Amino acid sequence: MIAWTIYITFAGAVLLLVLPRTFARWIALLTTIAGLALGLIAFVRTPIGDLAHFATIVRVPWVPALGMNYHLAIDGVSLTMVLVTGISAVSTVLFSWDVEHRQNEFFFWLLLVVAGSYGVFLSADLFLFFAFYELVIVPKYFLIAIFGSTNKEYGAMKLTLYSFFGGMLVFIGILAAYVTAGSLDMNQLAQFQFNPQLQSWAFPVLFLGFAVLAGIWPLHTWAPTGHVAAPTAGSMLLAGIVMKLGSYAGLRVAMNLFPLGFQMWSKWIAFLAVVGIVYAAAVALRQRDLKFVIGYSSVSHMGFVLLGLAAATALSVSGAVLQMFSHGVIAALLFAVAGRMIYRRTHTRELDALASMNLGRALPFAAFTFVIASAASMGIPGFSGFAAEITILIGAWKTYPLAVWITGAGMVLVAAFTLRALKQSFFGEAEPSVLLQKGRVALDPDWNEQQSITAAEKCGACLLMFATLAVGIYPKLLLDRIMPAVESMRFLK
Amino acid sequence: MSYLQLLKLASPEAVVVVTALVLLAVGLTIRRRTVDATVSTMPLDQNASGTPAAMPDALGPICCSIAALGLVVAIGTVLMLPRNANLFGGMLVITPLTCLFKIICIALAFFTVLLTTSEKAPRHPGEYLALVLFATVGLMLLVGSEELLMIFIGLELLGLSLYVMTAFDKTDVRSAEAGLKYFLFGSTSSAFTLFGISLIYGMSGTTSLAAISENLATASVQPLLAVGLVMTLIAFAFKIAAAPFHVWAPDAYQVAPVPSAAFIASASKVASFVVLGKIVLVGFAPLHGAAAWHAMVAGWSPVLAALAALSILVGNLVALAQSNVRRLLAYSAVAHAGYTLIGLVAGDRDGFSAALFYATVYAITLVGAFGIIAVVRRETGGDDFSNFRGLASRSPLLAGCMSIFMLSLAGIPPLAGFFGKFYIFSVALRAGANLGLLWLVGVALLGSFISLYYYLLVLKTIFVDEPPLPAERHVDVQPDLLLRTTVAVLAATVLLLGVAPEILAARILAAVP
């Protein structure tokens, strides 16, 4: 039944093309809610034991001559990713509630990204997987280039070309696996013994291709630019879902198919991951644009995911998957506050300008949300960020103690830039000349009562905050499902 | 072998020829209402915006319907042919493969005829459509023959019709220039072909492909044979516009009447690939050679591999710098010829069918794209990037179709181009032992990475850029329902072949011997 997440989302996208714009946002909302509901139903109803293996849901011959099947499957890792996709999608639609310009088209591209992501997370056929993976690239371009802001065409093109470049690397790796093993079934391929010589070059090509999307240093530069150029919904989708495609695929495809290649290269991945964590955090500390801060923080957090994968213990990889979930939720929340709650009302994201507005009093709900999101992002216990990062670090300790030390130090930087952004954006010292009233910002002449935080925004924010708290307080909720699935993968040391 | 029998087996060609003759007669007898304008030397862009109603009122539609009807009947007769037949030692061959590709070529010609209804109509629709049909006969002869002389005749018939079709817009000097260029390059390449064929004949003592293959089975690649081989290949490299034999293409694509350009880009290309495949895989089978990195063996496959790599690089890189959509398509066509050649380099049955699948999908896509260009030209008087600005707000349907075509060319799922690329590349990797063709696939992937950039630029112009102010726009002609339907059908086909490629791939695979 979980397969219907894909169909419903595609159907919603098609409906958007034919129905008039009065229905557009409702169609988008209902579609994404249906996707989330299906994910939750699967989460509740599937016995935990069934999630230990990548179990087939649908398998229909597609192009028999080339051995292609329409083959979907699910395990704990996929289910977690489907859930985070659903949560991000619903909140993204809620935060795009007041998009007026070319509304149908906006939600059409948005739903295509969501549908493609569901497809990636559920595919068990390499060709199908790759088709969904590439399908996500182009809608992002339009989402950013049409609806974005700062330097949008540049950001959109950069992001698309980076993704597509990664896609080309992935293409080579997938072809090599397919041609050598003669099969596209991911479960079969995961049993196939590729010769070490092939693995030694195919793994890095494949993994690097995926890692571009996950924002691996030094191929991460698309992420901050893209996040900044994108409309709020675009940033939320990018950080919440699209970056996860890369790390999920690296785990599911690259590492699972080429375990020997992975062993040869894992220390390099760990190295890049650690550099990414520290470097991005340091850069974030110096940014003036709030969205750039969050964009770099995404790169830094994704570094944890890559480190968890590289360490290759059951615990660290499970932590990485948990971090994918956690970061998806937290980043969406941060971008929602920065891009929608703040920017739409003040028309600026410059930290210096925001510091003079004392938004904490003008927009108390936004301030509250941002505090929660920052706390989660810094890894305060009780939030999902903490649960995920601590799992990764404990898991990685056995393999790369040095990396854990450096990362631990890096987390201080993360806390530093997060607190700086928090202080400047909401709790800055107001200049006396600025008139302050609850619910009003005098700097903007267009400001009026209608521009206080809307119900849709509150719903979206609450959904995301609930997700990060629930997983933070009781991580076993997800870990129980992730761990067995990870343990059944063959690359574990 | 009685003439009646021959006529029966050649009935599709006969139907098309008769239709063409009828068209000529109609064109001569029905009086035109408008007077021919004198040749103007104005650039096309200013000119095309002139009088769109220059088309004789009734003559155009009548001729188009006759041509379309003739082509439909021809498809019907193809379907009624026996499954297998072989006349005069391969001069006329009927196999599932030839039937399938005759149908595809006729269908592409059919869509070309539909495009003719829209474009600033040719002044002599009867003659123009007759030429299209003659070219179609040339394609059918090419596809349906396994004999070098017959293939040469088909090439010439096709070529001569296309030269005139390219130069058909008498009001535009640039069209004449493109036609002349095409003719000069084409006739030179024909000379090469004839020379090559005569050398091959000298070495093997026959012109039938099957017999050539037998006679060459024991031969090594001697210098004379190599010369003959390369010269024969040059002719096809010219026809499919592979670099460095592509110089005619940009002009022909850009300034020829839109239907001519569509025909050159689609049907002519598909047929050329069918024949090229048959020649190298059947006739020159013993001279396959190998194109694997570090393990090259002399033969035709390294030649084709070099052509492919060069075409992909030249086509994609030069396309980056274009500001005219048709010229951009021309350079991208060079690159796509390169991708398709990879299928042939891989050789064997799988490689051939992958190449044919790709060529067919490409042809469908390009006819559709040219259909959109025809509409845009009619509405804005040109086909530069600037003419496409804001197409999305003017006509969402056309914009959507154009994005399907462009993204299919770039190889984005779920469109047919994506599957085509996957098919070709996987076949190529499987062909060389030890992933020997990886270098070629790598070049191709690099090329398609580059290509996404310029295809996105086209789409950016359509979707992102603001439409020009109303004052700048030319008066709209009434929306052409037929043309829009044609484009929508083609776009739906591209989508369908991407979602369910089995429909076409299985047929081609079954038909390829």
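The rules behind these values
- Residues numbered from 1 in each chain as written.
- Chains lettered and ligands numbered in written order.
- Predicted model: local features only at pLDDT ≥ 70, side-chain atom pairs only at ≥ 80, totals over all residues.
- Helix = DSSP H or I, 4+ residues; strand = E, 2+ residues; numbered from the N terminus.
- Buried ≥ 20, exposed ≤ 12 C-beta atoms within 10 Å, placed from the backbone.
- Contact = placed C-beta atoms within 7 Å.
- Pairing = 2+ DSSP bridges.
- Axes fitted to C-alpha atoms, helices over the stretch in contact; angles between N-to-C directions.
- Parallel < 35°, antiparallel > 145°, perpendicular 65-115°, else oblique.
- Left-handed = near helix turned anticlockwise from the far one by under 90°.
- Nonpolar A, V, L, I, M, F, W, Y, C, P; charged D, E, K, R; others polar.
- Core = buried A, V, L, I, M, F, W, Y, C linked by C-beta atoms within 7 Å.
- Domains from an automatic or database assignment.
- Arc of directions from axis to C-beta.
- pLDDT = per-residue confidence, 0-100.

1. A word on the overall build of chain B
Right, so step 1: Along chain B, the regular secondary structure elements total 22 helices and two strands.
Right, so step 2: Taking the principal axes of its C-alpha atoms as reference, chain B extends roughly 70 × 55 × 40 Å.
Right, so step 3: Of all 513 residues assigned to chain B, the portion counted as buried reaches 62%.
Right, so step 4: The long-range fraction of contacts in chain B, counting pairs at least 24 apart against all pairs at least 6 apart in sequence, stands at 79%.

2. As for the overall build of chain A
Right, so step 1: Scanning chain A from N- to C-terminus turns up 21 helices and four strands.
Right, so step 2: Overall, the C-alpha framework of chain A stretches about 70 × 55 × 40 Å when taken along its three principal axes.
Right, so step 3: Across the 493 residues that make up chain A, the buried fraction comes to 64%.
Right, so step 4: Of the contacts formed within chain A by residues at least 6 apart in sequence, a portion of 82% connects residues at least 24 apart.

3. Let's talk about the pairing of strand S2 (residues 68-74) of chain A
Residue and element names in this part refer to chain A.
Right, so step 1: Of all seven residues that make up S2, six are buried, and the element is covered over most of its length.
Right, so step 2: Where strand S1 (residues 55-63) and S2 come together, seven bridges link them in antiparallel fashion. Bridge pairing in S2 links Ala 55 to Ile 74.
Right, so step 3: Count of turn residues in the S1/S2 antiparallel hairpin: four residues, of which Gly 67 carries a positive phi of about 70 degrees.

4. Some thoughts on the packing of helix H4 (residues 103-122) of chain A against helix H11 (residues 232-257) of chain A
Residue and element names in this part refer to chain A.
Right, so step 1: Running from N to C, H4 and H11 cross one another at 20 degrees; their axes reach a closest spacing of 10 Å. Accordingly, the angle class assigned to the pair H4 and H11 is roughly parallel. Read as a crossing pair, H4 and H11 show a hand that is left-handed. Of the residues in H11, those in contact with Leu 110, Val 113, Ser 117, Val 120 and Phe 121 of H4 are Ala 233, Leu 237, Ile 241, Val 242, Leu 245, Tyr 248 and Ala 249.
Right, so step 2: Residue composition of the contact of H4 with H11, grouped by class: eleven nonpolar, one polar and no charged.

5. Thoughts on the interface of chain B and chain A
Many descriptions give the size of an interface as the accessible area lost when the pieces come together.
Right, so step 1: Contact residues are listed per partner, giving 27 residues for chain B and 25 residues for chain A.
Right, so step 2: Every element with two or more residues in the side of chain B that touches chain A is listed here: helix H19 (416-431), helix H20 (438-463) and helix H22 (502-511) of chain B.
Right, so step 3: Top contributing element to the side of chain B that touches chain A by residue count: H20(B), with nine residues.
Right, so step 4: Of the residues contributing to the side of chain B that touches chain A, the split by class is 22 nonpolar, two polar and three charged.

6. Digging into the nonpolar core
Right, so step 1: One finds Leu306(A), Cys105(B), Val345(B), Ala428(B) and Leu440(B) to be the most contacted residues of the largest nonpolar core, which totals 409 residues.
Right, so step 2: Take this core: its biggest share by element is 20 residues, from helix H16 (residues 348-380) of chain B.
Right, so step 3: Three or more residues apiece are contributed to this core by two domains, here domain 1 (1-34 + 42-278) and domain 2 (288-513) of chain B.
Right, so step 4: Setting aside residues no more than four positions away along its own chain, Ala428(B) makes contact with Ile342(B), Val345(B), Ala346(B), Leu437(B), Leu440(B) and Val441(B).

7. Focus: unusual backbone geometry
Right, so step 1: In the segment running from Trp217(A) into Pro218(A), the intervening peptide bond is cis, with an omega of 5 degrees.
Right, so step 2: Locating Pro218(A) in the fold gives a position in the loop between helix H9 (196-214) and helix H10 (222-229).
Right, so step 3: Residue Pro414(B) follows Pro413(B) across a cis peptide bond; omega there is 0 degrees.
Right, so step 4: Tracing the backbone through its elements, the reader meets Pro414(B) in the loop between helix H18 (396-410) and H19.
Right, so step 5: A positive phi angle is found at Arg102(A), which is not glycine, with a value near 50 degrees.

8. Thoughts on the domain arrangement of chain B
All names here are of chain B.
Right, so step 1: Segmenting chain B into domains produces domain 1 (1-34 + 42-278) and domain 2 (288-513).
Right, so step 2: Facing the 44 residues of domain 1 at the interface are 52 residues of domain 2.
Right, so step 3: Among the elements of the structure, helix H3 (44-48), helix H5 (96-116), helix H10 (223-239), helix H11 (248-255), helix H12 (258-265) and helix H13 (267-283) are those that each provide at least two residues to the side of domain 1 that touches domain 2.
Right, so step 4: Ranked by the residues each element gives to the side of domain 1 that touches domain 2, the list is headed by H5, at nine residues.
Right, so step 5: Taken together, the residues that form the side of domain 1 that touches domain 2 break down as 32 nonpolar, nine polar and three charged.

9. Things to note about H22(B)
Right, so step 1: Looking only at H22(B), the buried set comprises Leu504(B), Ala505(B) and Ile508(B). When H22(B) is viewed along its axis, its buried side chains cluster within an angular range of 95 degrees and face the same direction. Relative to its buried face, H22(B) has exposed residues pointing more than 90 degrees away, namely Ile503(B) and Ala510(B).
Right, so step 2: Here the buried face of H22(B) lies against S1 of chain A together with H5, H16, H19 and helix H21 (481-499) of chain B.

10. Description of the environment of His101(A)
Residue and element names in this part refer to chain A.
Right, so step 1: Structurally, His 101 is set in the loop between helix H3 (76-95) and H4.
Right, so step 2: The exposure class assigned to His 101 is exposed, which follows from the 9 C-beta atoms found within 10 Å.
Right, so step 3: In the structure, His 101 is positioned 197 residues away from Ser 298 in sequence and 28 Å away in space, judged by C-alpha atoms.

11. Quick look at the packing of H9(A) against helix H12 (residues 259-285) of chain A
All names here are of chain A.
Right, so step 1: Where H9 meets H12, the closest approach of the two axes is 7 Å, and the angle between their N-to-C directions is 60 degrees. In this view, H9 runs oblique relative to H12, as classed from their interaxial angle. Pair H9 / H12 crosses with right-handed handedness. In this structure, H9 contributes Pro 196, Gln 199, Ser 200, Ala 202, Phe 203 and Pro 204 to the contact, and H12 contributes Leu 260, Gly 261, Phe 262, Met 264 and Trp 265.
Right, so step 2: Residues belonging to the contact of H9 with H12 are distributed by class as follows: eight nonpolar, three polar and no charged.

12. Focus: the confidence of the model for chain A
Residues and elements named next belong to chain A.
Right, so step 1: The share of residues in chain A with pLDDT of 70 or more is 95%, and the mean pLDDT across the chain is 86.
Right, so step 2: Element-level pLDDT for chain A is lowest in strand S3 (residues 436-437), with a mean of 47, against a maximum mean of 92 in helix H5 (residues 126-135).
Right, so step 3: Scored below 50 in pLDDT, residues 435-440 shows ten contacts in the model against residues more than four places distant or in partner chains.

13. Here's the deal with the environment of Ala256(B)
Residue and element names in this part refer to chain B.
Right, so step 1: Mapped onto the secondary structure, Ala 256 falls in the loop between H11 and H12.
Right, so step 2: Exposure remark for Ala 256: the 27 C-beta atoms within 10 Å place this residue in the buried category.
Right, so step 3: Sequence separation of Ala 256 and Ser 175 is 81 residues, and the distance between their C-alpha atoms is 5.3 Å.
Right, so step 4: Excluding residues within four positions of it along the chain, Ala 256 makes contact with Met 165, Thr 166, Ser 175, Ala 178 and Ala 261.

14. Some details on the environment of Leu397(B)
All names here are of chain B.
Right, so step 1: Checked against the element boundaries, Leu 397 lands in helix H18.
Right, so step 2: For Leu 397, a count of 14 C-beta atoms within 10 Å translates into the label partly exposed.
Right, so step 3: Spatially, the C-alpha atoms of Leu 397 and Thr 485 are 9.9 Å apart, while their sequence positions differ by 88 residues.
Right, so step 4: When near neighbours in sequence (up to four residues on either side) are disregarded, Leu 397 contacts Arg 484 and Ala 488.

15. Remarks on the confidence of the model for chain B
Residue and element names in this part refer to chain B.
Right, so step 1: Within chain B, residue pLDDT values average 85, and 91% of them lie at 70 or more.
Right, so step 2: Highest mean pLDDT in chain B belongs to helix H15 (residues 325-346) (92); lowest belongs to H3 (42).
Right, so step 3: Contacts of residues 34-56 to residues separated by more than four positions or lying in other chains number 32 contacts, the stretch itself having pLDDT below 50.
Right, so step 4: Interface confidence for the predicted complex, expressed as ipTM, amounts to 0.88; the pTM equals 0.90.

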